[in-house]
Amino acid sequence: MYPKLVYNMDKLKANVDAAARITREDGGCSMMCVTKCVCADRKICEMLTAHPSVDFLADSRVDNIRKYADLIEASDKQSVLLRLPMMCEIEDLVKYVDISQNSELATIEAINEEAGRQGKVHKILLMVDLGDLREGIFFRDEEKILAAAEVIEAMSNVELYGLSTNLTCYGAIIPKNDNLSVLCDIAGKVEERLGRKLDVVSGGNSSSIYLIWKGDMPEKINNLRLGESILLGNDTAYGETVPGAVHDAMTLQAQIIELQEKPSLPIGEVGKDAFGNVPEYEDRGIIKRAILAVGKQDVDIDGLAPLDEQIDILGGSSDHMLLDVTGCDREYKVGDVVEFTLEYGALLKAATSEYVKKEYV
Ligand SMILES: *Cc1c(COP(=O)(O)O)cnc(C)c1O
């Protein structure tokens with residue numbers, strides 16, 4: 001059945017291997033594999049928990065981690081909650097998750113209490129904001145970070161596991177040696193204050209991995225959290241390909257439901273399209289127009305690239321996608337399947353949609 005998202009498990013595993021060669025072998029960093037972009041897909045999580053180079057599985061949602069808590073339990077990996085926990089999910093957090101990223105002492109106190117009730121010790125990564133201005137204690141409030149570390153250290157049912165930072169999300173700030181060195185300096189001061197080493201200094205997401213192959217990663221960074229670089233092979237700082245990784249470990253397939261020759265310009269007065277925009281059209285004369293049974297409810301159409309490069313995407317609506325196949329060598333017909341690679345947003349949406357079937361090859 002179509003539309004479907006095809007996961008090529010061999011390619012995906014090869015991407016994990018490629019990321020591990022850089023992150024672990026060259027960079028001396030442990031690797032958190034991020035599962036949120038595929039909604040913690042069971043088969044992918046099974047592959048990751050069985051993979052010897054994966055140290056942690058990480059997700060932004062407790063619901064997703066709960067789905068693979070049994071796999072974590074049966075493996076030597078730990079689970080990590082990436083998004084700051086909500087006060088309303090502390091019980092499940094402590095029950096299903098080993099480590100969480102935090103920036104609020106009130107939340108950490110609630111975790112400590114709940115962990116006490118459940119007879120557990122929960123690990124905390126204290127987040128530092130290096131200027132991207134999403135989550136974390138602001139790096140210039142150094143004393144606030146050191147004091148928070150001391151408060152956490154004094155709690156009996158949470159353990160300060162390390163520091164972490166997140167970049168290239170809200171502010172689109174690129175990780176560099178200089179801003180990550182600030183995190184390393186702060187980590188050094190925390191260690192001095194506590195009189196012990198931290199286990200983890202986590203230097204960011206898929207936008208940080210390039211620093212390793214450029215030879216520019218500060219020594220003290222010993223962990224990266226990688227989603228897009230593993231799933232789609234992308235360095236998200238400068239858009240390079242992660243060496244040894246591929247972009248087509250996941251593809252979207254959709255079926256043609258109409259293929260007719262019509263003008264490229266709509267006929268009549270132009271109003272607003274289904275999404276309230278006034279569209280603009282290019283006059284290409286009479287063209288071969290293919291309609292695919294997939295739409296904006298299933299994917300982010302702008303985030304798709306056809307494997308057949310002679311196809312031109314014209315646009316789409318909720319349930320349809322329109323292609324210009326005039327310039328294609330292949331003679332498309334109704335019932336044919338068109339395949340696309342996906343960008344991050346398109347993958348996220350397709351993986352989340354229950355209308356998009358999942359297939360593993
Ligand atoms: C999503 C996320 C990641 C992974 O991001 P990628 O760009 O997919 O590697 C890492 N850390 C945090 C806090 C995240 O929210």
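What you see is a predicted model, and the numbers here were worked out from it, not measured in a lab.

Participant: Before we move on, can you summarise the site of the ligand with the specific residues and values?
Facilitator: Near the ligand lie 13 residues; those nearest to it are Lys36, Ser206, Arg225, Gly227 and Glu228. Here an oxygen atom of the ligand and a side-chain polar atom of Arg134 are 3.4 Å apart. At 2.8 Å, a backbone N or O of Glu228 approaches an oxygen atom of the ligand. Notes on the ligand: free accessible area 390 Å², of which the protein chains cover 93%. Placement of the ligand is best described as lying within the second largest pocket. Here the residues of the shell around the ligand are counted per class, giving 4 nonpolar, 5 polar and 4 charged.

Participant: Quick rundown of helix α7 (residues 142-154)? Include the residues and the values.
Facilitator: For α7, which comprises 13 residues, the first-to-last C-alpha distance of 19 Å matches the rise-based estimate of 18 Å (1.5 Å per residue) to within 8%. Within α7, burial applies to Ile145, Leu146, Ala148, Ala149 and Ile152. Angularly, the buried residues of α7 cover 160° about the axis, an arc narrow enough to put them on a single face. The exposed residues of α7 that point more than 90 degrees off its buried face are Lys144 and Ala154. Along its buried surface, α7 packs onto α6 (105-118), β6 (122-129), β7 (137-138), β8 (158-164) and α8 (177-194).

Participant: Summarise the pattern of salt bridges; cite the residues concerned and give the values.
Facilitator: Summed over the entire model, instances satisfying the criterion amount to 25 salt bridges. Linking Arg117 and Glu114 is a salt bridge whose minimum nitrogen-to-oxygen distance equals 3.0 Å. You can see Arg117 and its partner Glu114 sitting in helix α6, 3 residues apart, about one turn around the helix. One salt bridge in this structure joins Arg193 and Glu150, with 3.2 Å as the shortest N-O distance. Taken together, the residues span a long stretch of sequence, with Arg193 in helix α8 and Glu150 in helix α7 at a distance of 43 residues.

Participant: Mind laying out the pairing of β8, listing which residues take part and the relevant values?
Facilitator: Burial within β8 is extensive, with 6 of its 7 residues counted as buried. One ladder, built from 6 bridges, connects β6 with β8; its direction is parallel. By the bridge assignment, Lys123 is partnered in β8 with Glu159. Pairing of β8 with strand β9 (residues 200-202), which is carried by 3 bridges, proceeds in the parallel orientation. Residue pairing for β9: Leu163 is matched across the bridge by Val201. As a crossover connection, the stretch from β8 through α8 into β9 is right-handed.

Cut-offs applied
Residues numbered from 1 in each chain as written. Predicted model: local features only at pLDDT ≥ 70, side-chain atom pairs only at ≥ 80, totals over all residues. Heavy atoms only, no water. Near = heavy atom within 4 Å. Polar contact = N/O pair within 3.5 Å; in protein donor to acceptor, adjacent residues only side chain to side chain. Areas by Shrake-Rupley, 256 points an atom, 1.4 Å probe, with all protein chains shown as cover. 1 Å grid on protein atoms, 1.4 Å probe; cavity = no way out; pocket = protein on both sides within 12 Å on 5 of 7 lines; lining within 4 Å. Sits in = over half its atoms within 2 Å of the grid points. Nonpolar A, V, L, I, M, F, W, Y, C, P; charged D, E, K, R; others polar. Helix = DSSP H or I, 4+ residues; strand = E, 2+ residues; numbered from the N terminus. Expected span 1.5 Å × (residues − 1). Buried < 20%, exposed > 50% of the residue type's maximum accessible area, 1.4 Å probe, protein only. Arc of directions from axis to C-beta. Contact = heavy atoms within 4.5 Å. Salt bridge = Lys/Arg side-chain N within 4 Å of Asp/Glu carboxyl O. Pairing = 2+ DSSP bridges. Right-handed = clockwise from strand over helix to strand, strands pointing away.

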